[in-house]
Amino acid sequence: MKRTIGGFLILSLVAIFSLQVGIDVAFSEQLLLIKSALLQQNIELSFDAILMLENRLPRLAVALFVGATLGIVGSLMQQLTQNPLVSPLTLGTASGAWLALVIGSIWLPVITANLSLYIAMFGAMLALVLVILIAGFSNLSGLPIVLAGLAVNILFGSIATAIILLHNQYATGLFIWGAGDLEQNGWQTFQWLAPRLSPLLLILVFAPRVLMLLRLGQSNASARGLSLIPAFLLLFCLAIWSLSVAIASVGVISFIGLLAPNASRLMGARLPRQELVLSAFLGAAILMLADSLAIAITNVSTNLLPTGVATAMIGAPALIYFSRVKLQAKDNLHLALPDSRFRFTHVTVGLLVLLLLLMISFASFIHIDVTELGKRWQFSLPGSYNWSLRWPRMLTAISAGSATAVAGVLLQRLIYNPLASPDVLGISAGATLMLVAASIFFGHNIYHSGPLLALLGSALALLALILLARKQQYAPSIVVLIGISIGAMIEALVHFCMARGDETSYNILAWLAGSTYRVSQQAALLLAVVVGVILALVFTAHRWLTLISGGRSFAHARGLNVQRAFLLLLCAVALLVALVTSVMGPVAFVGLLAPHIAVMLGARKVLAQLICALLVGANLMLVADTFGQLVLYPAQIAAGTIVAIIGGCYFIFLLLRSRLAH
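Residues numbered from 1 in each chain as written. Predicted model: local features only at pLDDT ≥ 70, side-chain atom pairs only at ≥ 80, totals over all residues. Heavy atoms only, no water.

Visitor: Describe the overall build of the protein, with residues and values.
Guide: When its secondary structure is counted, the protein shows 27 helices and 2 strands. For the protein, the proportion of contacts with a sequence separation of at least 24, taken over those separated by at least 6, is 79%. With the model as given, the accessible surface of the protein reaches about 28100 Å², and the carbon-plus-sulfur share is 67%. (Helix = DSSP H or I, 4+ residues; strand = E, 2+ residues; numbered from the N terminus. Contact = heavy atoms within 4.5 Å. Areas by Shrake-Rupley, 256 points an atom, 1.4 Å probe, with all protein chains shown as cover.)

Visitor: Got a sec to walk through the confidence of the model for the protein? Specific residues and values, please.
Guide: Of all residues in the protein, 83% have pLDDT values of 70 or greater, and the mean over the chain is 79. Taken element by element, the protein is modelled with least confidence in helix α7 (residues 171-178), mean pLDDT 60, and with most confidence in helix α21 (residues 521-540), mean pLDDT 91. Long-range and interchain partners of residues 328-334, a stretch whose pLDDT sits below 50, account for 14 contacts in this model, where long-range means more than four residues apart. (pLDDT = per-residue confidence, 0-100.)

Visitor: Pulling in residues and values, what's your account of unusual backbone geometry?
Guide: Even without glycine at this site, Gln-82 takes up a positive phi of about 55°. Here Gln-82 shows up in the loop between α3 (47-81) and α4 (93-107).

Visitor: Residues and numbers for the packing of aromatic side chains, please.
Guide: All told, the structure shown has 5 aromatic pairs when counted by the stated rule. Ring centres 5.8 Å apart and planes at 20° place the aromatic pair Phe-362 and Phe-627 in the stacked group. With Phe-362 in helix α15 (residues 346-365) and Phe-627 in helix α26 (residues 606-630), this pair connects stretches of sequence that are 265 residues apart. Classification of Phe-362 by relative accessible area gives buried; the value is 18%. (Phe/Tyr/Trp six-rings, centres within 6.5 Å; stacked < 30°, edge-to-face > 60°. Buried < 20%, exposed > 50% of the residue type's maximum accessible area, 1.4 Å probe, protein only.)

Visitor: Outline the environment of Ala-644, supporting the account with residue identities and numerical values.
Guide: Residue position: Ala-644 is located in helix α27 (residues 639-661). Residue class for Ala-644 comes out buried when judged on its relative accessible area of 7%. Along the backbone, Ala-644 and Gly-514 are 130 residues apart, and their C-alpha atoms lie at a distance of 9.5 Å. The residues touching Ala-644, leaving out its near neighbours within four places in the chain, are Ile-154, Ser-158, Ala-588 and Phe-589.

Visitor: Could you give an account of the pattern of salt bridges, with specific residues and numbers?
Guide: Scanning the model with the defined rule gives 3 salt bridges in all. Put simply, Asp-291 and Arg-59 hold a salt bridge, and the shortest N to O gap is 2.7 Å. A residue pair is termed long-range when its members are at least 10 positions apart, and Asp-291 in helix α13 (residues 272-301) and Arg-59 in helix α3 qualify at 232 residues. For the pair shown, Asp-291 and Arg-59 are each scored as buried. As a salt-bridge pair, Glu-275 and Arg-265 come within 2.6 Å of each other at their nearest N and O atoms. A residue pair is termed long-range when its members are at least 10 positions apart, and Glu-275 in helix α13 and Arg-265 in helix α12 (residues 256-266) qualify at 10 residues. The exposure class of Glu-275 is buried, given its relative accessible area of 2%. (Salt bridge = Lys/Arg side-chain N within 4 Å of Asp/Glu carboxyl O.)

Visitor: Residue-level account of the nonpolar core, with values.
Guide: Among the nonpolar cores identified, the biggest contains 184 residues, and Val-66 and Leu-76 are the most heavily contacted of them. Ranked by residue count, the leading element in this core is α3, at 16 residues. Two domains share this core, each providing at least three of its residues, namely domain 1 (1-282) and domain 2 (346-661). In terms of nonpolar packing, the next biggest core, distinct from the first, is built from 9 residues, Ala-431, Leu-435, Ala-454 and Trp-511 among them. (Core = buried A, V, L, I, M, F, W, Y, C linked by side-chain atoms within 4.5 Å. Domains from an automatic or database assignment.)

Visitor: Which residues make up the packing of α12 against α13, and what values do they have?
Guide: Direction vectors running N to C along α12 and α13 enclose 125°, while the axes themselves pass 8 Å from each other. Between α12 and α13, the angle is such that the two are oblique. Crossing of α12 over α13 shows right-handed handedness. In contact with Ile-256, Leu-259, Ala-260, Pro-261, Ala-263, Ser-264 and Arg-265 of α12, α13 contributes Glu-275, Leu-278, Ser-279, Leu-282, Gly-283, Ile-286 and Leu-287. (Axes fitted to C-alpha atoms, helices over the stretch in contact; angles between N-to-C directions. Parallel < 35°, antiparallel > 145°, perpendicular 65-115°, else oblique. Left-handed = near helix turned anticlockwise from the far one by under 90°.)

Visitor: Which residues make up the side chain of Ser-264, and what values go with them?
Guide: The topology assignment puts Ser-264 in helix α12. What makes Ser-264 buried here is its relative accessible area of 0%. From its side chain, Ser-264 meets the backbone oxygen of Pro-261 in a polar contact 2.6 Å long. A distance of 3.3 Å separates the side chain of Ser-264 from the side chain of Ser-279, its partner in a polar contact. Sequence-distant contacts of Ser-264, defined by excluding residues within four places in its chain, comprise Ala-269, Glu-275, Leu-278, Ser-279 and Leu-282. (Polar contact = N/O pair within 3.5 Å; in protein donor to acceptor, adjacent residues only side chain to side chain.)

Visitor: Quick one: what's the story with helix α5 (residues 109-135), residue by residue and with numbers?
Guide: Helix length check: α5, at 27 residues, gives a terminal C-alpha distance of 34 Å against a target of 39 Å (1.5 Å per residue), a shortfall beyond 12%. The sharpest bend along α5 reaches about 95° and sits at Leu-115. (Expected span 1.5 Å × (residues − 1). Bend = angle between axes of the 7 residues up to and from the residue.)

Visitor: I'd like to hear about the environment of Gly-401, residue by residue, with values.
Guide: Residue placement: Gly-401 occurs in helix α16 (residues 384-414). Judged by relative accessible area, Gly-401 falls into the buried class, the value being 0%. Sequence-wise, Gly-401 and Val-590 are 189 residues apart; in three dimensions their C-alpha atoms are separated by 6.7 Å. Not counting the four nearest positions on each side in its chain, Gly-401 is found in contact with Val-590, Gly-617, Ala-618 and Met-621.

Visitor: Any chance you could break down a nonpolar patch on the surface for me, citing the residues and the numbers?
Guide: Judged by side-chain polarity, Ile-103, Trp-107, Leu-108, Ile-111, Leu-115 and Tyr-118 come together as a nonpolar surface patch covering roughly 580 Å² of accessible area. Of note, Leu-108 is situated in the loop between α4 and α5. Leu-108 gets classed as partly exposed once you look at its relative accessible area, which sits at 43%. (Patch = residues over 30% accessible without salt bridge, like charges linked within 9 Å, V, L, I, M, F, W, Y side chains within 5 Å.)

Visitor: Let's hear about helix α2 (residues 27-38): which residues, and what values?
Guide: Counted at 1.5 Å a residue, the expected span for α2 with its 12 residues is 16 Å, and the 17 Å between its end C-alpha atoms agrees. Gln-30, Leu-33 and Ser-36 are the residues of α2 that are buried. Considered in projection along α2, the buried side chains sweep an arc of 130° and stay on one side of the axis. Exposed residues lying more than 90 degrees from the buried face of α2 are Leu-32 and Leu-38. Immediately downstream of α2, the backbone of Gln-40 shows phi near 55°, a positive value. (Arc of directions from axis to C-beta.)

Visitor: If you had to explain the packing of α5 against helix α11 (residues 228-250) to someone new, which residues and values would you point to?
Guide: Interhelical geometry of α5 versus α11 gives an angle of 130° and a closest axis separation of 8 Å. Classed by the angle they form, the pair α5 and α11 counts as oblique. At the point where α5 passes α11, the crossing takes the right-handed sense. Packed against α5, whose contacting residues are Ser-116, Leu-117, Tyr-118, Ala-120, Met-121, Ala-124, Met-125 and Leu-128, the element α11 presents Phe-236, Cys-237, Ile-240, Trp-241, Ser-244, Val-245 and Ala-248 at the interface. Residue composition of the contact of α5 with α11, grouped by class: 13 nonpolar, 2 polar and no charged. (Nonpolar A, V, L, I, M, F, W, Y, C, P; charged D, E, K, R; others polar.)

Visitor: An account of the environment of Trp-187 is requested, with residue identities and associated values reported.
Guide: Turning to its location among the elements, Trp-187 is positioned in the loop between α7 and α8 (188-196). Separated by 133 residues in sequence, Trp-187 and Glu-54 have C-alpha atoms that sit 7.0 Å apart. For Trp-187, the residues in contact, after removing those within four places along its chain, are Leu-53, Glu-54, Leu-57, Pro-58 and Ala-61. A polar contact of 3.1 Å, which involves the side chain of Trp-187, links it to the backbone oxygen of Leu-53.

As structure tokens, then:
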């Protein structure tokens with residue numbers, strides 16, 4: 001009872017504080033205005049008084065209801081799965097609802113306007129079912145469910161980005177809404193929201209008994225008359241409904257469902273009902289605080305900061321903290337590189353080179369004619385103008401694919417983690433964060449910000465990874481969760497950028513998709529030359545990597561200065577990632593896919609894997625870039641978006657294979 005009263009007092013103090021931010025009405029006058037509004041008294045109102053009654057009070061009420069909803073849903077999900085890292089974000093349900101609403105808003109706008117709640121619920125349910133199928137019911141309490149949610153988040157997010165880029169006239173509105181915006185112009189949203197959240201009362205009344213029996217174990221719960229699967233599904237359906245109501249009303253707000261339940265347990269909540277109620281109070285309080293921060297920054301910067309962005313900037317570091325504290329030994333992943341039935345020979349290299357030459361020829365000579373009868377693919381020599389546009393794109397794709405693939409091999413070998421790649425570990429996100437921040441806050445052109453800023457971001461992300469994951473010896477679990485956290489902060493910054501609604505915003509979104517579209521001839525040549533030099537140095541140091549792959553003690557016994565070699569090879573990774581990111585934007589999953597495909601082709605030794613991965617990465621990026629230009633011509637899909645979708649599917653395959661193998 002004391003904890004519940006404490007949670008209520010925290011919520012009350014935060015609500016009072018929130019009403020003082022960004023409005024010029026004294027607290028005593030605020031109380032009089034609220035009293036007159038409740039008693040429906042007619043009094044003369046100033047502009048600030050009207051602003052408070054029609055904007056700030058409904059905004060506070062919506063924050064109260066949405067925050068409490070996310071807190072309760074997060075607590076319910078964590079107690080049902082007995083997993084402290086589960087939330088609407090990590091289960092992929094928020095991205096499922098977001099994708100469904102993006103699709104509906106573009107292709108079914110009238111239906112979506114009237115049935116947005118049900119469309120959001122359908123997307124969230126689809127994501128949840130997919131995540132459970134990937135991880136399996138037996139892994140709900142471990143890390144695999146979180147990684148499955150990550151894979152679904154990446155896959156659905158890439159698809160949503162591609163759709164928005166192909167329909168850019170909707171981009172700004174969708175991104176402002178998707179960032180989680182609590183701005184209100186009256187009480188309409190609250191009046192729509194409140195009755196639809198009534199199922200939360202059912203959760204508070206009936207869920208505690210079910211959750212208490214679940215703590216006793218499945219057999220003991222069944223012996224006491226609980227039908228486990230029907231109860232589990234019913235409670236999850238109620239949670240998904242409530243989550244869909246919140247998303248349909250204010251957009252995607254992340255991390256509240258993760259933070260509030262963990263905070264409630266830190267405050268001493270032990271019983272299911274205590275945790276649910278305290279999570280509701282804390283969820284509402286955290287969202288109000290984040291909204292106050294968003295209002296204050298908006299007033300100072302004159303740029304709209306959606307509330308969801310503020311919660312993500314607070315929640316991402318919290319995810320790192322909770323993951324380091326809550327992960328247990330059972331959460332360590334047992335993932336291995338794929339098996340191979342092939343033997344790596346010079347013939348393998350020759351075939352990959354031949355495939356690359358064929359793709360270069362195809363990309364050079366193919367073009368599409370648009371006639372009255374439709375589109376026709378034709379092969380002919382390109383004119384000088386078309387060639388001047390094509391070869392920089394091809395050279396950039398080949399250079400980027402090669403660089404990212406070799407960076408993936410280096411990371412997987414250095415930290416003994418088959419899931420390591422620049423994007424999964426957040427290194428690409430670090431470069432992206434620095435470039436986007438420079439564009440937003442300092443007005444730099446993101447296409448000309450240069451590799452130095454990207455290198456600084458990559459280096460900082462790499463340093464954070466080393467410091468945070470060293471204690472856990474770079475276990476796949478902590479490494480991946482750090483990547484999730486950094487990626488979430490990047491996404492928050494992107495939403496802030498897109499909320500500006502100007503041409504720069506759309507340019508940044510297009511750059512974030514990883515496209516070769518705007519790469520100049522000089523930039524393509526510079527990228528190719530510098531990447532070539534770095535790759536040559538990496539190949540000359542392949543013996544270092546061979547020794548480190550056998551273990552640090554083994555490498556030290558063979559006379560290698562392990563610390564220096566480790567640092568130099570990590571610097572090579574940061575340089576390669578920074579160069580690629582600064583020229584064409586972030587490229588996801590090539591660093592994961594190419595090393596795995598190389599091993600599938602029989603390249604298990606270091607030098608063989610480096611060569612094979614380089615050629616596979618070059619082929620993969622060139623294929624993605626070429627077909628991205630052709631499939632929906634004259635519209636284009638960015639190469640980075642295509643490989644992100646392919647990589648998300650492969651990530652899901654890896655998790656499925658790991659589950660079936662164990």
